[in-house]
Protein chains: 2
Amino acid sequence: MVQKNKQPPSAAKPQAAKAAAPAEPKRRGRPRAYEPDVALGRALELFRRDGFAATSLDDLSAATGMNRPSLYGAFGDKRALYIKSYQRYRDEARAAMIEIFRAEAPLRDRLARIYAIALDIYLSGASGPRGCFTVMTAASEAVSDPDIRAMVLEGLTEMDKAFSTCFRLAKERGELPEGADPIALAQLASATIHTIAIRARAHVPRKELEAIVQGAIDVMCGPK
Amino acid sequence: MVQKNKQPPSAAKPQAAKAAAPAEPKRRGRPRAYEPDVALGRALELFRRDGFAATSLDDLSAATGMNRPSLYGAFGDKRALYIKSYQRYRDEARAAMIEIFRAEAPLRDRLARIYAIALDIYLSGASGPRGCFTVMTAASEAVSDPDIRAMVLEGLTEMDKAFSTCFRLAKERGELPEGADPIALAQLASATIHTIAIRARAHVPRKELEAIVQGAIDVMCGPK
DNA sequence: ATTTTTTTGTACCATTTCGCATTAAATTCC
DNA sequence: GGAATTTAATGCGAAATGGTACAAAAAAAT
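Because the structure is predicted, anything quoted here is derived from the model rather than measured.

For the pair chain A and chain B, the best superposition has an RMSD of 0.1 Å and corresponds to a rotation of 180° with a translation of 0.0 Å parallel to the axis. A rotation of that kind, with that shift, is consistent with a two-fold axis. A shared binding surface is used by both copies, with 100% of the interface residues of chain A retained as interface residues in chain B.

As structure tokens, this is what we get:
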């Protein structure tokens, strides 16, 4: 029961922790046989593919290389692990997009790049396209679980807001006509994200998804 | 173990069957204690709320008033029942919308009515909003189950097509500018359906969803 | 070397889950 | 009324599931 494929020791230090936690402060007992961050990544993969209910602790145990008690000790029960996975997913997604949202570039370019990244996220995955965690599994749990619901809502409005400032800026720069409504446009932009997430899950090929994105951009930005 | 709340005998004859199956042809053995159609409706409700994996046969048995062997005999195993439920959902959704898609009315009106119905479908439900079966649970199963995937794909393209002819007609009638692309617009219209399905599931109140719909209509149809 | 501390790994428990075998009931046909 | 037929109801059983107790293991501290 050991974590296979542990990352090469030098690479990808999970720069999450408190910035300056230099080396290990010499922990006391038996050393961990797993890297919490890679384990969480594996759990995320599973939850994302199969959803909460269809992912068993045995599956998680096998995927993370941790046995159940360790899993439990490190992350809490199944629901806690699910929530942590979702948090991780959102952090990663945000990290992948935030720079482009901030970048100084023409509206069309920025949108195109955002959607390209979204497609990368949704379509990759060893066992078929993975879709979007928020759309595919979290939204399902959201009906009955208030905590997850809050996270989903937060994620949705975060995306709306990012798009909204994007359009507002473009309008100020004269890239959009006077009558354009940044908020309505932002919600359409989010809707486009959602629709490609769903379609990706149904194995719609990337080419078609790109066509949808292009069409949406054209409508939102007006004629070239 | 009897089906409670059986529909009032006169009402709601499930006009599904082969058109002219008049009265019962006097079946031979012990009569059924359940109405297959209402049972399927109950199963649909459950699957829709909890998804495939989180819905147990015991839940289904309790909700339908059929015990497990009867359930099994009538619909086959859990997966078969799920698929039949999904089929039923799509039939109902199609039935609710098809007339409006066909109706002769200004584009804006037709869109508004379509979305109003969609909101009704997504927001109703005793235990919270129910969302869309396709988006919330079928799309999840679609990754790994080819049959369900085929149904999801069919549902998606069906909706795209309906919207597409809608926009094409409107364009021919001069309700849309020359440059309008009916297909791109249709995909945005579908995307709007998808986004409200997701947001409904996260308990976004109807007012907000209506605002999103209105904004989308305005962008798609151009300035009034 | 011994103790202390932390983690691992095995094994277990109670519950749930799916599916089916079997018996009892209700109805039609003869 | 009795045979045949169809369904209901009970309940079994094997497997899976979420969670945990407990002893062995591996490291630092003394």
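Turning to helix α1 (residues 36-50) of chain A, a few remarks are in order. Residue and element names in this part refer to chain A. An ideal rise of 1.5 Å per residue puts 21 Å on 15 residues; α1 measures up with 21 Å between its terminal C-alpha atoms. Among the residues of α1, Val38, Ala39, Leu40, Gly41, Ala43, Leu44, Leu46, Phe47 and Arg48 are the ones counted as buried. Where α1 is buried, its residues contact α2 (57-64), α3 (68-75), α4 (78-102), α5 (107-123), α6 (133-142) and α8 (182-201). Positive backbone phi, at 85°, marks Gly51, one or two positions downstream of α1.

Moving on, we get to the packing of aromatic side chains. Each pair of aromatic rings is reported with the distance of its centres and the angle of its planes. The tally for this structure, following the rule as stated, stands at 16 aromatic pairs over all chains. Here the aromatic rings of Tyr89 of chain B and Phe133 of chain B are separated by 5.7 Å at their centres, their planes lie at 35°, and the arrangement is tilted. With Tyr89 of chain B in helix α4 (residues 78-102) and Phe133 of chain B in helix α6 (residues 133-142), the pair connects residues that are 44 residues apart, well separated along the chain. There is no split in this pair, since Tyr89 of chain B and Phe133 of chain B are both buried. On the numbers, 6.1 Å between centres and 25° between planes, the contact of Tyr115 of chain B with Phe163 of chain B is stacked. Residue Tyr115 of chain B is located in helix α5 (residues 107-123), and its partner Phe163 of chain B is located in helix α7 (residues 146-172); the two are separated by 48 residues in the primary sequence. Taking relative accessible area as the criterion, Phe163 of chain B reaches 0% and is therefore assigned buried. Members of the aromatic cluster, each reached through a chain of ring pairs, are Phe47, Phe52, Tyr82, Tyr86, Tyr89 and Phe133 of chain A.

In this section: the environment of Cys132 of chain A. Residue and element names in this part refer to chain A. Mapping Cys132 onto the fold places it in the loop between α5 and α6. As a C-alpha pair, Cys132 and Tyr122 span 10 residues in sequence and 5.9 Å in three-dimensional space. Non-local contacts of Cys132, meaning those with residues more than four positions away in its chain, are made with Tyr89, Tyr122, Thr137 and Ala197.

Our next topic: the UniProt feature "DNA-binding region" (unreviewed entry) in chain A. What UniProt calls "DNA-binding region" (unreviewed entry) maps, in this numbering, to residues 56-75 of chain A. Secondary structure content for residues 56-75 of chain A is 80% helix and 0% strand, and the end C-alpha separation is 15 Å.

Turning our eyes to something else, we now look at the protein's contact with DNA strand D. Taken together, 25 residues are adjacent to DNA strand D, and Arg28, Leu57, Arg68, Tyr72 and Lys78 of chain A come closest. Backbone atoms, meaning sugar plus phosphate, form 72% of the atoms of DNA strand D positioned within 4 Å of the protein. A distance of 2.5 Å separates a phosphate oxygen of DNA strand D from a polar atom in the side chain of Lys78 of chain A. Arg30 of chain B has a polar backbone atom sitting 2.8 Å from a base oxygen of DNA strand D. For the surface near DNA strand D, the secondary-structure elements that each account for two or more residues are α3 of chain A together with α3 (68-75) of chain B. For the surface near DNA strand D, the class distribution of residues is 8 nonpolar, 6 polar and 11 charged.

What counts and how
Residues numbered from 1 in each chain as written. Chains lettered and ligands numbered in written order. Predicted model: local features only at pLDDT ≥ 70, side-chain atom pairs only at ≥ 80, totals over all residues. Heavy atoms only, no water. Least-squares fit on C-alpha atoms with pLDDT ≥ 70 in both. Contact = heavy atoms within 4.5 Å. Helix = DSSP H or I, 4+ residues; strand = E, 2+ residues; numbered from the N terminus. Expected span 1.5 Å × (residues − 1). Buried < 20%, exposed > 50% of the residue type's maximum accessible area, 1.4 Å probe, protein only. Phe/Tyr/Trp six-rings, centres within 6.5 Å; stacked < 30°, edge-to-face > 60°. UniProt positions renumbered as here; feature names shortened; annotations may be inferred. Near = heavy atom within 4 Å. Polar contact = N/O pair within 3.5 Å; in protein donor to acceptor, adjacent residues only side chain to side chain. Nonpolar A, V, L, I, M, F, W, Y, C, P; charged D, E, K, R; others polar.

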